[in-house]
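# Structural description and commentary
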Amino acid sequence: MLYLVLAEAALETIPMSLWKHPLIRKYAKKRGKGPGQLLLDLSFHYRAAKKLKDIEKRGRPDIVHIALLEALGSPLNKAGLLKVYVHTYANYLIYLRSDVRLPRNYLRFIGLMEQLLEVGKVPPDSENPLITAKRGTLSDLIGEIAPTKVVLMTEKGEAMKLAELGRLLVKEQKPLVIVGAFQRGDFKEETKALSDIKVSIFNEPLDTWTVVSRVITAYELVKRVL
């Protein structure tokens, strides 16, 4: 079983400091919701959000959407050998059942995530929800999973071929791989400190979904899922 965490993900509701901005108020009125119920998305909110701290790591829920579609649609997940989690920039932990079918349409995904962060589960009235969310840190999540090895994917890590990475992961009973789900920048120091090993599969930054795809494929090939 491979455990995959999309970490420091650029998925959060609009911060309170932006609620009174004219652009945010207009957007909220159009959506028929309060600003605190809406996801921050730089495609719509950049003029209001551009001075936020760590802006390069925020307001990109599309990154999470594409990476989750990649992971949940993989043969590894369909074989029941993948567990996927999201840790957000604002320290929410999102748990996804392997049989969840996320909307392919981005706007529907946004609506789903807004409901999730407001209610804490999807469907909201289910006793066995497909997705749940709660407050928590990446350290909390790793403590819950109790992996035998934590691998952090970064271009600054130890260079490995995919086959080598696959062998590294497969030999572990509970390998956990952390992939950054933000546009630019580096992991927080506390995130780096949680890893046992830092691995690079390319000497330049790659899109989150590309890294997710390569990591899963590396595991599938050695595990002979494909």
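Above this text sits the structure in question.
Predicted model only: the values in this text are computed from it and were never measured. (Residues numbered from 1 in each chain as written. Predicted model: local features only at pLDDT ≥ 70, side-chain atom pairs only at ≥ 80, totals over all residues. Heavy atoms only, no water.)

## Describing the environment of Tyr-46
Checked against the element boundaries, Tyr-46 lands in helix H2 (residues 42–49). Between the alpha carbons of Tyr-46 and Leu-23 there is a distance of 9.4 Å; along the sequence they are 23 residues apart. (Helix = DSSP H or I, 4+ residues; strand = E, 2+ residues; numbered from the N terminus.)

## Structural notes on the packing of helix H3 (residues 61–72) against helix H9 (residues 208–223)
Direction vectors running N to C along H3 and H9 enclose 20°, while the axes themselves pass 8 Å from each other. Here H9 runs roughly parallel to H3, going by the angle between their axes. Of the two elements, H3 crosses H9, and the hand of that crossing is right-handed. Note on element contacts: H9 touches H3 through Thr-208, Trp-209, Val-212, Ser-213 and Ile-216, opposite Ile-63, Ile-66, Ala-67, Glu-70 and Ala-71. In terms of residue class, the contact of H3 with H9 is built from seven nonpolar, two polar and one charged. (Axes fitted to C-alpha atoms, helices over the stretch in contact; angles between N-to-C directions. Parallel < 35°, antiparallel > 145°, perpendicular 65-115°, else oblique. Left-handed = near helix turned anticlockwise from the far one by under 90°. Contact = heavy atoms within 4.5 Å. Nonpolar A, V, L, I, M, F, W, Y, C, P; charged D, E, K, R; others polar.)

## Focus: the packing of aromatic side chains
The final tally for this structure, using the stated rule, is three aromatic pairs. Arranged with centres 5.5 Å apart and planes meeting at 85°, the rings of Phe-182 and Phe-187 form a pair that is edge-to-face. Above the ring of Phe-182, the side-chain terminus of Lys-57 is found at 4.5 Å from the ring centroid. Directly above the aromatic system of Tyr-89 lies the positively charged group of Lys-188, at a separation of 4.9 Å from the ring centroid. (Phe/Tyr/Trp six-rings, centres within 6.5 Å; stacked < 30°, edge-to-face > 60°. Lys NZ or Arg CZ within 6 Å of the ring centre and 35° of its normal.)

## Comments concerning a nonpolar patch on the surface
Among the surface-exposed residues, Leu-221, Val-222 and Leu-226 lie close enough to one another that they form a single nonpolar patch of about 280 Å² accessible area. Examined against the element boundaries, Val-222 turns out to sit in helix H9. Val-222 gets classed as partly exposed once you look at its relative accessible area, which sits at 31%. (Patch = residues over 30% accessible without salt bridge, like charges linked within 9 Å, V, L, I, M, F, W, Y side chains within 5 Å. Areas by Shrake-Rupley, 256 points an atom, 1.4 Å probe, with all protein chains shown as cover. Salt bridge = Lys/Arg side-chain N within 4 Å of Asp/Glu carboxyl O. Buried < 20%, exposed > 50% of the residue type's maximum accessible area, 1.4 Å probe, protein only.)

## Considerations on the sheet that holds strand S1 (residues 2–9)
Strand pairing in a sheet is mediated by backbone hydrogen bonds. Such pairs are either parallel or antiparallel. If you trace the eight strands from one edge of the open sheet to the other, you get S4-S5-S3-S2-S1-S7-S6-S8, paired in mixed fashion. Lying at the two open borders of the sheet, with one neighbouring strand each, are strand S4 (121–122) and strand S8 (197–200). In this structure, strand S2 (residues 82–88) lies alongside strand S3 (residues 92–96), joined through four bridges in antiparallel fashion. Counterpart to Val-84 in the pairing with S3 is Leu-96. Seen against the sheet, H3 touches S1, S2 and S3 and runs at an angle of roughly 170° to S2. Along the sheet, helix H5 (residues 106–119) contacts S3, S4 and strand S5 (131–135); its crossing angle with S5, the most-contacted strand, is approximately 50°. (Pairing = 2+ DSSP bridges.)

## Side note on the layout of surface pockets
In this structure, the largest pocket occupies an estimated 500 Å³ of space. For the largest pocket, the lining is made up of 25 residues, of which Glu-155, Gly-180, Phe-182, Pro-205 and Leu-206 are closest to its centre. Elements that contribute at least two residues to the lining of the largest pocket include exactly strand S6 (149–159), strand S7 (175–180), S8 and H9. Per-element tally for the lining of the largest pocket: the top contributor is S6, with four residues. Of the volumes computed, that of the second largest pocket is approximately 250 Å³. Of all the elements, helix H1 (residues 22–31) adds the most residues to the lining of the second largest pocket, at five residues. For the lining of the second largest pocket, the class distribution of residues is six nonpolar, one polar and five charged. (1 Å grid on protein atoms, 1.4 Å probe; cavity = no way out; pocket = protein on both sides within 12 Å on 5 of 7 lines; lining within 4 Å. Points joined across faces, edges and corners; volume = space filled by probe spheres on them.)

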